[in-house]
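# Overview (structure and organization)
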Amino acid sequence: LTNNGYNSNNNLSYSVNVSNAVLTFTDNSSMTWQSSRTSEWIEGDSTDLFNDGVAGICDDVYSITGSGSGVNRNGLSYSVVITSPLRKEVCCRWLVSGSLDISPQGLSTRLVDYGTGACDRFATVTINGNAYNVSMW
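Since we're looking at a predicted model, the values are computed, not measured. (Residues numbered from 1 in each chain as written. Predicted model: local features only at pLDDT ≥ 70, side-chain atom pairs only at ≥ 80, totals over all residues. Heavy atoms only, no water.)

### Details of the state of the cysteines
This structure, assessed with the given rule, holds 2 disulfides. Disulfide partner of C58: C91, at an S-S distance of 1.9 Å. Note on the C58 and C91 pair: the S-S dihedral is about -75°, so by sign convention the disulfide is left-handed. You can see C58 sitting in helix 2 (residues 55-58) and its partner C91 sitting in the loop between strand 5 (77-89) and strand 6 (97-104), a full 33 residues away along the chain. Judged by its relative accessible area of 32%, C58 is partly exposed. Linked covalently through their sulfurs, C92 and C119 form a disulfide whose S-S length is 2.1 Å. The sign of the 100° torsion about the S-S bond sets the C92-C119 disulfide as right-handed. One end of the pair, C92, is in the loop between strand 5 and strand 6; the other, C119, is in the loop between strand 7 (110-116) and strand 8 (122-127), with 27 residues separating them in the sequence. Here the protein pairs its bonded cysteines, counted in sequence order, in the arrangement 1-2, 3-4. (Disulfide = S-S within 2.5 Å. Helix = DSSP H or I, 4+ residues; strand = E, 2+ residues; numbered from the N terminus. Buried < 20%, exposed > 50% of the residue type's maximum accessible area, 1.4 Å probe, protein only.)

As structure tokens, then:
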């Protein structure tokens, strides 16, 4: 995790880089991944918890860009690319907008669209032109 300081938009920016990560499951299977993401603090940096209470946190919004890849526990590779910046509002449990492509080995790319800004648990996954509404938990 690297604090990049202020970027050209005068927003704080953070890089999150993961390399050679391994998750081992209880059945001893494992998966690997690496990723490179940038989070830009686009709203709410002038308020804080101590001076503004919870509102000083809930107005914080991040824009996330980047990509990742790995091998799932079945030995198949995959890649993920954020195609439209993901918007994370701190006091919303879910991403509220943005999109990404997931490309699993041997399968069609999945486009995941998180919507247009509503704080809800719904996203749309499109595969080969077929759209599916999904609920995030």
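### Focus: the pairing of strand 7
Where strand 6 meets strand 7, 5 bridges bridge the pair, whose relative direction is antiparallel. Residue pairing for strand 7: D101 is matched across the bridge by L111. Where strand 6 hands over to strand 7, the hairpin turn is made up of 5 residues, of which G106 adopts a positive phi near 80°. Relative to strand 8, strand 7 runs antiparallel, the two sharing 4 bridges. Bridge pairing in strand 8 places L111 opposite T126. Counting the residues between successive antiparallel strands, the hairpin from strand 7 to strand 8 contains 5 residues, one of them, G117, with a positive phi of roughly 130°. (Pairing = 2+ DSSP bridges.)

### Regarding the nonpolar core
Proteins that are soluble and globular tend to have nonpolar side chains buried together. Counting 13 residues, the largest nonpolar core has I82, L86, L100, V112, Y114 and M136 as the members making the most contacts within it. Looking at this core, the elements that each hand over two or more residues are strand 5, strand 7 and strand 8. What V112 contacts, discounting residues up to four positions off in sequence, is G98, S99, L100, I102, T124 and V125. (Core = buried A, V, L, I, M, F, W, Y, C linked by side-chain atoms within 4.5 Å. Contact = heavy atoms within 4.5 Å.)

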